[in-house]
Amino acid sequence: MSRSIIVSFLMRDKVGNALLAVLLALAIIVPFCSLVFEPGDTFYLSSYWVTLLGKYLCYALLAVAVDLVWGYCGILSLGHGAFFALGGYAMGMYLMRQIGERGVYANPLLPDFMVFLNWTELPWYWQGFDMFGFAMLMVLLVPGALAFLFGYLAFRSRVTGVYLSIITQALTYALMLAFFRNDMGFGGNNGLTDFKDILGFNLQHSGTRAALFSLSALALAGGYLLCRFIVNSKLGRVLIAIRDSESRTRFIGYRVERFKLFVFVVSAMLAGVAGALYVPQVGIINPGEFAPLNSIESIVWVAVGGRGTLFGAIFGAWMVNFGKTWFTGAFPELWLFFLGGLFVVTTLWLPKGVVGLSAQLSKMRRSKAASGANTEAPVQAQAVEAEPQPQQASQVAPEPDKQAEPTPKNLDQGAANV
Amino acid sequence: MKTMLNKLLGLVGLVVLSFGVLADDWQQAASGLTGKSSNHKLAAIEAMLEFDDPRNAVALQGMLDAELYYVKADRQLVIATKSGRSFLLTDLQGESLGEVAKSKIKRITVNNRIRREIRSGLAMMALAGPDEDARFSAVRSLMANVEAEQLPLVEQRLVAETSAKVQDKLRELQAIILLENGDDAQRQSSAEFLGGRMDAPSRNALLRAQSDEQNAEVLAAINESVARNQQLLKLNRAAENLYFGLSLGAVLLLAAVGLAITFGVMGVINMAHGEMIMLGAYTTYVVQQLMPGHIELSLVVAIPAAFLVSGAMGVLIERGIIRFLYGRPLETLLATFGLSLVLQQLVRSIFGPLNQAVITPQWLSGSLEINGVLALTYNRLYIIIFSFMVVAALWLLISKTFFGLQVRAVTQNRAMANAMGIRSSWVDAMTFGLGSGVAGIAGVALSQLTNVGPNLGQNYIIDSFMVVVFGGVGNLFGTVVAAMTLGVANKLAEPFTGAVLAKILVLVFIILFIQKRPRGMFALKGRMVED
């Protein structure tokens, strides 16, 4: 029975299936192009490109994680970069322990920065990270545990909407400050770097890089399947109900906070995996990854791609990051203009992202045909078309009226507090 | 004693009368210094001090430092400093006389007796000066290097001194001297007097005396005073921390109070709030560039200018973006965040990525010294006062004016306000402009404390939101209390944890606090349903 449900879901999501096929193809083709062809061949991919594409895959996985909580459950977390970075640090600690005697100070046990700080013993939280299995477990458990603790407290006391966004931002900010401290034992400002090998494979070899790329592609595909399974299950329905009207869902009898907690923890773990795959490819993890801007950037990937559709999140991550690579190379001073403009344009005119563009256009055409050539309508109408969002917590406002007249009523909800 | 008195009388007389004495006379008097016997030199010093001449200080100090020489050929007094194998000469007025070989000059030697005479002479000169502050600092410098021979001098000045402030300081100096050199009764009364004195010399003198004292009764008095000083010291340190905390709180308050309007009253999440602060700071910079001759006035001009610049930008943002997003706080958050990136880059493109140097006017630098331990810097003091003035003005505006009435009406019930003829969209724009303008004013104040760069706003945005959320949304009073609480808590924790950890702890505390009271400290009462 359950098998047939899964099969039917697989059938339904056509774009997603195509995407999965592309990912699998990439997982094979990219290593092939990188390893089989020689430099100079038409199809040759240098390890720079392999790493860059691998980075995009990790970002896409992070975007899927963000979309799961934001697009499907309405939790706008401005701190998902923290989970990403924690996963990255767990991986970084493993890679650090693998350096062993090859460090500058040739200490078999302590990483260089600890020797530099005159530490004589390995801190307790660094124990066990020489084992790959344990480190991978921590990649899941550390972000998961933090998400569980944070989510348990926040959702139980019904911190929602903007308040939640702000304290998640404070969370990642606090973590950033903490990881900047040398006393924390995570390398302070410089973070963890100078990695040599992973499971005995040299990180500089193109073969290792290609393998990491394939792993990232598979992880993204796996993450996609997992999220699709979640959002298409009955639990997913409840999540969407919570997104659309949290109180109503609660009044019907669902324990809203448990659903939210579950999906938040899963999402954090996915973000952790993305971070863990990211670190060996870029070769460094430092407290800058905790910066609030990074988390918000991942939000904009999802928003641009189209939240509430998992493949939209992936497209968004790829598009924005490709844009970033291109812009920061070609016009470094214009990148922030572009990124900032993207935020504004997306929220004002593309509430469903690029993925929702075609549906939006056809709807516009229909409404134009219906109501004649009303030239003022588009902007405001689109603004209202957006799916109802969880309202700001202190509002007394009623359920947002989706089909209503544009401006006046919508204004009501915004300022009806106090 | 008698010669001292003579000197003193002579000097006091000289200070008043004899500015016109011919330089030749001084040279005549000083010529005794080149004599061989120390009696000659002593007489010469005494004679020199009869004149009120700037060369006295140079010559005496030069003698103390073994830098006073005379040229063998013409017996002219010079200050000589060694430079390689030869000596650089300057005369007593500071004019350079070139370089000569060591054999051409001869040092004026001094012995301890002469040295004592010189020291008291130098202190005398400073103590009898016309300027009250100079006398005060002379006493302080004497306190740093206390000697028993100063006692008669100090006692004479105590009688002659007219300024209460200097007199008090002299009495303290007298007590320090007596604590070491007086008889039992004097030592005891000095010990009692010095209890509660916060200057380092007084405290050190007591501590020294504590280990040296033989007489049990005196020792008891000393012990008591030392204990009292320790306690006062702690108290002063605490007061200093409190002051730092209040000033940090004032900074937070200034940064957050605009947000308390836009977020608290209107319910708009303006992530570009920090950039409004930054614009204010840059306006200060521009104003200073436009009126380079009037730095003292620049801040006064910058305050309204910053209000207008940031306020206009706020109105623009409200009309251009935010009004389409009312009722959708998360979208507002994202759009305004994008806007903050654009504004940052805009400023970076115009002014460059480096920090701009904003000049601090004279009246903002320096500090108010309460005692030897506690000094309140003026810029922080003014910021504390300024932040409260801003809040008071805002409160008056919101609660007492017609505009404030309209704002409150629109936020409480927009439909009803519309029905009563209030143009709610106009009120929205003006309110948002007001909040942004206040952020601009905060930027003027912050330009005096931190670096003015494109990232200025980013550093304050998280803190500002924390303050507003912690204090309770929609509550100006809550914002004040929250800002002060967080500022003081941060600074009080700092001595124990270090600055960064203190900040982390405060953030964690707020995160936990919001779990407990999701609506902040002073939540608005009433029944509410989310969604």
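The rules behind these values
Residues numbered from 1 in each chain as written. Chains lettered and ligands numbered in written order. Predicted model: local features only at pLDDT ≥ 70, side-chain atom pairs only at ≥ 80, totals over all residues. Axes fitted to C-alpha atoms, helices over the stretch in contact; angles between N-to-C directions. Helix = DSSP H or I, 4+ residues; strand = E, 2+ residues; numbered from the N terminus. Parallel < 35°, antiparallel > 145°, perpendicular 65-115°, else oblique. Left-handed = near helix turned anticlockwise from the far one by under 90°. Contact = placed C-beta atoms within 7 Å. Nonpolar A, V, L, I, M, F, W, Y, C, P; charged D, E, K, R; others polar. Core = buried A, V, L, I, M, F, W, Y, C linked by C-beta atoms within 7 Å. Buried ≥ 20, exposed ≤ 12 C-beta atoms within 10 Å, placed from the backbone. Pairing = 2+ DSSP bridges. pLDDT = per-residue confidence, 0-100.

A. Quick look at the packing of helix α7 (residues 150–160) of chain B against helix α8 (residues 164–181) of chain B. All names here are of chain B. At a closest axis distance of 10 Å, the pairing of α7 and α8 adopts a crossing angle of 155 degrees. With respect to α8, the element α7 is oriented roughly antiparallel. Our pair here, α7 against α8, has a crossing hand that is left-handed. Residues Gln150, Leu151, Val154, Glu155, Arg157 and Leu158 of α7 form the contact with α8, whose own contacting residues are Gln167, Leu170, Arg171, Leu173, Gln174 and Ile177. In terms of residue class, the contact of α7 with α8 is built from six nonpolar, three polar and three charged.

B. Main features of the packing of helix α11 (residues 216–265) of chain B against helix α15 (residues 378–400) of chain B. Residue and element names in this part refer to chain B. Where α11 meets α15, the axes come as close as 9 Å, and the angle between the chain directions of the two elements is 35 degrees. In terms of crossing hand, the pair formed by α11 and α15 is left-handed. Two secondary-structure elements touch here, α11 through Leu246, Ser247, Ala250, Val251, Leu253, Leu254 and Val257 and α15 through Arg380, Ile383, Ile384, Ser387, Val390, Val391 and Leu394. Among the residues making up the contact of α11 with α15, the classes are represented as eleven nonpolar, two polar and one charged.

C. A look at the nonpolar core. Residue and element names in this part refer to chain A. Counting residues in hydrophobic clusters, the biggest one holds 206 residues, and the most contacted among them are Leu61, Ala63, Val64 and Ala274. The leading source of residues in this core is helix α3 (residues 47–73), at 17 residues. Ignoring sequence-local partners within four residues, the contact set of Ala274 consists of Cys58, Leu61, Leu62, Ala65, Phe84 and Gly87.

D. The sheet that holds strand β1 (residues 68–71) of chain B, seen in detail. Residues and elements named next belong to chain B. Within the open sheet, the five strands sit side by side as β4-β3-β2-β1-β5. Their pairing is antiparallel. Each of the sheet's edge strands pairs with one partner strand only, and the pair in question is β4 (96–100) and β5 (105–107). On average, each strand axis in the sheet is tilted by 40 degrees relative to the strand beside it, whichever way the strands run.

E. Here's a closer look at the environment of Ala281 of chain B. All names here are of chain B. You can see Ala281 is positioned in helix α12 (residues 273–290). Overall, Ala281 belongs to the buried group, with 29 C-beta atoms counted inside 10 Å. Note: C-alpha distance between Ala281 and Val300 (19 residues apart in sequence) is 13 Å. With residues near it in sequence (within four places) discarded, Ala281 still touches Gly443, Val444, Leu446, Ser447, Val452 and Leu456.

F. Representation of the confidence of the model for chain A within the structure. All names here are of chain A. Across chain A, the average pLDDT comes to 84, with 86% of residues at 70 or higher. Within chain A, the lowest mean pLDDT, 37, falls on helix α17 (residues 407–415), and the highest, 96, falls on helix α11 (residues 256–282). Here residues 373–418 is a poorly scored stretch, pLDDT under 50, and it has 92 contacts once near neighbours within four places are set aside; other chains count.

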